[in-house]
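# Understanding the architecture of this molecule
Residue-level listing of the chains:
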Amino acid sequence: MTDPTLRVRDLDETELLARIVPLLPSGEGIDVGPGDDAAVVRAADGRFVVTTDVLVERRHFRREWSTGYDVGHRAAVQNLADVAAMGARPTSMVVSLVMPDDLPVQWVTDFARGLADAAPPAVVVGGDLSGGDVVMVSVTVHGDLEGRAPVLRSGARPGDVLAHAGTLGASAAGLDLLTSGAASPDDGAPGVSNARSPFVAAFLRPDSPVAAGPAAARAGATAMLDVSDGLLRDAGRLALASGTDLDLSEGALMLDVTALVPAAVEVAMATDDPDGAGRARTWVLSGGEDHGLLATFPAEVADRGLPDGFRVIGDVRTPGAAGPRVLLDGEEPEAATGWDHFRP
Ligand SMILES: Nc1ncnc2c1ncn2[C@@H]1O[C@H](COP(=O)(O)OP(=O)(O)O)[C@@H](O)[C@H]1O
Ligand SMILES: Cc1ncc(C[n+]2csc(CCOP(=O)(O)OP(=O)(O)O)c2C)c(N)n1
Ligand SMILES: [Mg+2]
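Residues numbered from 1 in each chain as written. Chains lettered and ligands numbered in written order. Predicted model: local features only at pLDDT ≥ 70, side-chain atom pairs only at ≥ 80, totals over all residues. Heavy atoms only, no water.

This part takes up the overall build of the chain. Of regular secondary structure, the chain possesses 10 helices and 12 strands. Computed over its C-alpha atoms, the radius of gyration of the chain comes to 21 Å, within 12% of the 20 Å expected for a compact globule of 344 residues. For the chain, the spread of C-alpha atoms along the three principal axes comes to 60 × 55 × 35 Å. Here the chain, with 344 residues, has 50% of them falling under the buried criterion. (Helix = DSSP H or I, 4+ residues; strand = E, 2+ residues; numbered from the N terminus. Rg over C-alpha atoms; globule rule 2.2 N^0.38 Å. Buried < 20%, exposed > 50% of the residue type's maximum accessible area, 1.4 Å probe, protein only.)

Spelled out as structure tokens, the structure:
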């Protein structure tokens, strides 16, 4: 265990890297890993998938709530989900970390451990360190299409089924539990938080069904994306790209809503809100950061059986005069809200 009083400013960059790099996952297919000016990674397919996302302190996480381990885990998962949503297998990632100089070194090594636990099947081949006023993480992940066509957002066709793999609303429930003060994350072991509430855990360390992405592609998924900003908002993006309507079934989402009712009641009690249970439905429809996979499949594929983890939550329809949009049991939802960085 690192001395908890040791700060990033007590070490130089080389010493800090010497503590981080041995913790990172390495593996096959890498000709040059961390330590040179750049990495060299083999790309068997002749193409590679690449995606990047940032996490910014106070915008995506708070250090009072998230340990370094949590942030490392989340940074990996958020990016792996984007590769999976193309139908690809994640292979390698580069990770950049900006941090204030009073950040404990233990936070940084916990970050590396969280990253290492969530990254597989991807390995870490490099990154960058810099000082800054807040903690900021940028991850770029590469993926292997294994000879298949990528699964785009634009391929849904009327008659396809709409399916989802992963959880819906649990992360948003966890965020509201923490924001309202109904739950606290500090009941875990130091370093690796061990939140007692499964919802808080879902928020701090989301779990994306990464292997379901390539499985969906192999099964013939026509379109796919990961749900980061909320089901209605992200489904709207898929509908627009495909030029179709997507009709969600309220009944198919009932179990997701029911699972969140205990959390909704806790938040309602903490905030004196009489419409407590209504929150559960809002979390399912508009909560983000669960990083489940939303995909469309031809009806024949659904008849034969969808890949593991996927279940039908709606269908794809010819758009009406209003243009491509998302419906709930055939009706326009009251408010298609979700996360937007510039118009919250
Ligand atoms: N600064 C940027 N420069 C170029 N392309 C960008 C930039 N920011 C976002 N994009 C692209 O816009 C699309 C949507 O981004 P985003 O909403 O972050 O996707 P996701 O939710 O999958 O992470 C992606 O294809 C992304 O690569
Ligand atoms: C402290 C804090 N407040 C609010 C949120 C909620 N939140 C922040 S970003 C976001 C949406 C997903 O992030 P984004 O950067 O849009 O990811 P992308 O769509 O690019 O994958 C949500 C729901 C949070 N995670 N942490
Ligand atoms: Mg993004």
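The next subject is the site of ligand 1. Around ligand 1, the structure places Asp53, Asp82, Arg153 and Ser228. Taking Arg153, its side chain carries an N or O atom lying 3.4 Å from an oxygen atom of ligand 1. The side chain of Ser228 places a nitrogen or oxygen atom 3.3 Å from an oxygen atom of ligand 1. In the complex, the protein chains occlude 27% of the 560 Å² of accessible area that ligand 1 would expose alone. Residues belonging to the shell around ligand 1 are distributed by class as follows: no nonpolar, 1 polar and 3 charged. (Near = heavy atom within 4 Å. Polar contact = N/O pair within 3.5 Å; in protein donor to acceptor, adjacent residues only side chain to side chain. Areas by Shrake-Rupley, 256 points an atom, 1.4 Å probe, with all protein chains shown as cover. Nonpolar A, V, L, I, M, F, W, Y, C, P; charged D, E, K, R; others polar.)

A separate point is the pattern of salt bridges. Inspection of the entire model under this criterion finds 22 salt bridges. Measuring nitrogen to oxygen at the nearest pair gives 3.6 Å for the salt bridge that ties Glu64 to Arg58. Of the charged contacts in the structure, one is a salt bridge between Asp70 and Arg205, with a shortest N-O distance of 2.7 Å. Here Asp70 is found in helix H2 (residues 68-84), whereas its partner Arg205 is found in the loop between helix H5 (198-204) and helix H6 (212-219), with 135 residues between them in sequence. On the basis of relative accessibility, which here comes to 0%, the residue Asp70 falls in the buried class. Judged by relative accessible area, Arg205 falls into the buried class, the value being 18%. Through salt bridges with shared partners, one network takes in Arg89, Asp144, Glu146 and Arg148. (Salt bridge = Lys/Arg side-chain N within 4 Å of Asp/Glu carboxyl O.)

Okay, the sheet that holds strand E11 (residues 310-317) next. Spatially, E8-E10-E7-E11-E9-E12 is the arrangement adopted by the 6 strands of the open sheet, whose pairing is mixed. In this open sheet, the two strands that pair with only one neighbour each are strand E8 (223-226) and strand E12 (326-328). Averaged over all pairs of adjacent strands, the angle between their axes in this sheet comes to 25°, without regard to strand direction. Where strand E9 (residues 245-248) lies against E11, 4 bridges are found, and the strand directions are antiparallel. Counterpart to Asp247 in the pairing with E11 is Asp315. Together, strand E7 (161-165), E8, strand E10 (293-297) and E11 form the strand contacts of H6, whose direction differs from that of E10 by roughly 5°. With respect to the sheet, helix H7 (residues 231-242) is in contact with E8, E9, E10, E11 and E12, its orientation differing from that of E8 by roughly 150°. (Pairing = 2+ DSSP bridges. Axes fitted to C-alpha atoms, helices over the stretch in contact; angles between N-to-C directions. Contact = heavy atoms within 4.5 Å.)

Formed by 55 residues in total, the largest nonpolar core has its most connected members in Leu16, Met93, Leu97, Val137, Phe297 and Phe310. Looking at this core, you find at least three residues from each of domain 1 (8-144) and domain 2 (161-328). Not counting chain neighbours up to four residues away, the residues in contact with Phe310 comprise Ala163, His164, Ala165, Ala212, Ala216, Met224, Leu293, Ala295 and Phe297. Counting residues in hydrophobic clusters, the runner-up holds 40 residues, among them Leu162, Ala173, Leu246 and Ala264. (Core = buried A, V, L, I, M, F, W, Y, C linked by side-chain atoms within 4.5 Å. Domains from an automatic or database assignment.)

Moving on, we come to the environment of Val40. Among the structural elements, Val40 can be located in strand E2 (residues 40-41). The exposure class assigned to Val40 is partly exposed, which follows from its relative accessible area of 39%. Expressed as a C-alpha distance, the spacing of Val40 and Leu260, which sit 220 residues apart in the sequence, is 45 Å. Those residues in contact with Val40 that sit more than four places away from it in its chain are Ile30, Asp31 and Val32.

Looking at ligand 2, there are 15 residues lining it, with Asp53, His60, Ser228, Glu289 and His341 nearest. Contact with the protein chains removes 86% of the 590 Å² of surface that ligand 2 exposes when unbound. Within the shell around ligand 2, the residues separate by chemical class into 4 nonpolar, 4 polar and 7 charged. Taken domain by domain, the shell around ligand 2 gets at least three of its residues from each of domain 1 (8-144) and domain 2 (161-328).

Attention now goes to the environment of Ala202. Among the structural elements, Ala202 can be located in helix H5. Among the residues examined, Ala202 registers a relative accessible area of 17% and is labelled buried. With 156 residues separating them along the chain, Ala202 and Gly46 place their C-alpha atoms 36 Å apart. Ignoring any residue separated from it by four or fewer positions in sequence, one finds Ala202 in contact with Ala170 and Ser171.

Bringing the UniProt feature "binding site: substrate" (unreviewed entry) in the chain into the picture now. In the numbering used here, UniProt assigns the feature "binding site: substrate" (unreviewed entry) to His60, Glu289 and Trp339. A stretch of 280 residues holds the annotated residues, and the largest C-alpha distance among them is 11.3 Å, short enough that they meet in one place. With respect to the helices and strands, Glu289 occurs in the loop between helix H9 (278-286) and E10. Not counting residues within four places of it along the chain, the set of residues in contact with Glu289 comprises His60, Arg74, Ser171, Phe203, Pro206, Val227 and Ser228. Within the local environment of Glu289, its side chain forms a polar contact with the side chain of Arg74, the two groups lying 2.8 Å apart. (UniProt positions renumbered as here; feature names shortened; annotations may be inferred.)

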